[in-house]
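Structural features, examined
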Amino acid sequence: MLFVQKIEIEYRKNVRYPNYAQARNAIKFYPVKFSKEEINDEILFDTIHLYQDIDGLQYRYEKCKQFKSEKLYDGNFKRSPFGYNIAVKPIGNEYEVHFWGGFDKTVFTLKNGNYGRVMFNERRTYCDSGEWYYQLLVFNFVCCEKEKFREKIFYNKNPNYEYNGMKYLRYC
């Protein structure tokens, strides 16, 4: 089984400074609001969206979904259930994690009992106003049996694998 958590932190240029970045970078995992009894598919995907302003980090929403491994990577990132930067390819009992940062890169392969993390950032614009905003994205992956699932499954501070795709995001 594969457990995936996506933490998305959105922020504007007024909180790009080091004191705010320190608070953003401290968030590497989050508790999962899901019980073991509710799991009935091969993949559990938990998404947490936070927003940072001058008053601190604000919780926006969390959603959980489950699906079968057939929905995973088929060579096209646009169809990935994890967004257009992350894809997971099942290979037997293992999972190959891919990152798209201009090219397809296999960042690690998870075996049973392994924990991996991918971090990257982006600069985007709102389509209606053209205003810039930034995102810090953290993906946590745990490959284990359903019986080992718990609310704090992602709380291991030292993953077996870690990939950092951070870019220097210059404000124009």
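Up top is the structure.
What you see is a predicted model, and the numbers here were worked out from it, not measured in a lab.

**Focus on the sheet that holds strand S4 (residues 86-91)**
Hydrogen bonds between backbone atoms are what pair the strands of a sheet, whose relative direction is either parallel or antiparallel. Here 3 strands make up an open sheet; going across it, the order is S4-S5-S6 and the pairing antiparallel. In this open sheet, the two strands that pair with only one neighbour each are S4 and strand S6 (104-110). With direction set aside, neighbouring strand axes in the sheet form an average angle of 25°. The sheet contact formed by S4 and strand S5 (residues 94-100) spans 6 bridges and is antiparallel. Each bridged residue has a counterpart across the sheet, and for Ile91 the counterpart in S5 is Glu94.

**What about the sheet that holds strand S1 (residues 2-11)?**
Ordered in space as S3-S2-S1-S8-S7-S9, the 6 strands form an open sheet in which the pairing is mixed. Both outer strands of the open sheet, strand S3 (56-67) and strand S9 (161-165), are each paired with one neighbouring strand and no more. Going across the sheet, the axis of each strand differs from the next one's by a mean of 15°, ignoring polarity. Bridge count for strand S7 (residues 115-125) against strand S8 (residues 132-143) is 11 bridges, and the pairing is antiparallel. Residue pairing in the sheet places Phe120 in a bridge with Leu137 of S8. Against the sheet, helix H1 (residues 18-25) contacts S1, strand S2 (43-53), S3 and S8, and its axis sits at roughly 160° relative to S2.

**Some remarks on the nonpolar core**
Where a protein is soluble and globular, its nonpolar side chains tend to be buried together. Counting residues in hydrophobic clusters, the biggest one holds 22 residues, and the most contacted among them are Leu2, Phe82, Val118, Phe139 and Phe141. When residues of this core are traced back to their parent elements, those giving at least two are S1, S2, S4, S5, S6, S7 and S8. A per-element tally of this core places S8 first, with 4 residues. Setting aside residues up to four positions removed in sequence, Leu2 forms contacts with Glu42, Ile43, Leu44, Val88, Tyr95, Leu110, Phe141, Val142 and Cys143.

What counts, and at which threshold
- Residues numbered from 1 in each chain as written.
- Predicted model: local features only at pLDDT ≥ 70, side-chain atom pairs only at ≥ 80, totals over all residues.
- Heavy atoms only, no water.
- Pairing = 2+ DSSP bridges.
- Helix = DSSP H or I, 4+ residues; strand = E, 2+ residues; numbered from the N terminus.
- Axes fitted to C-alpha atoms, helices over the stretch in contact; angles between N-to-C directions.
- Contact = heavy atoms within 4.5 Å.
- Core = buried A, V, L, I, M, F, W, Y, C linked by side-chain atoms within 4.5 Å.
- Buried < 20%, exposed > 50% of the residue type's maximum accessible area, 1.4 Å probe, protein only.

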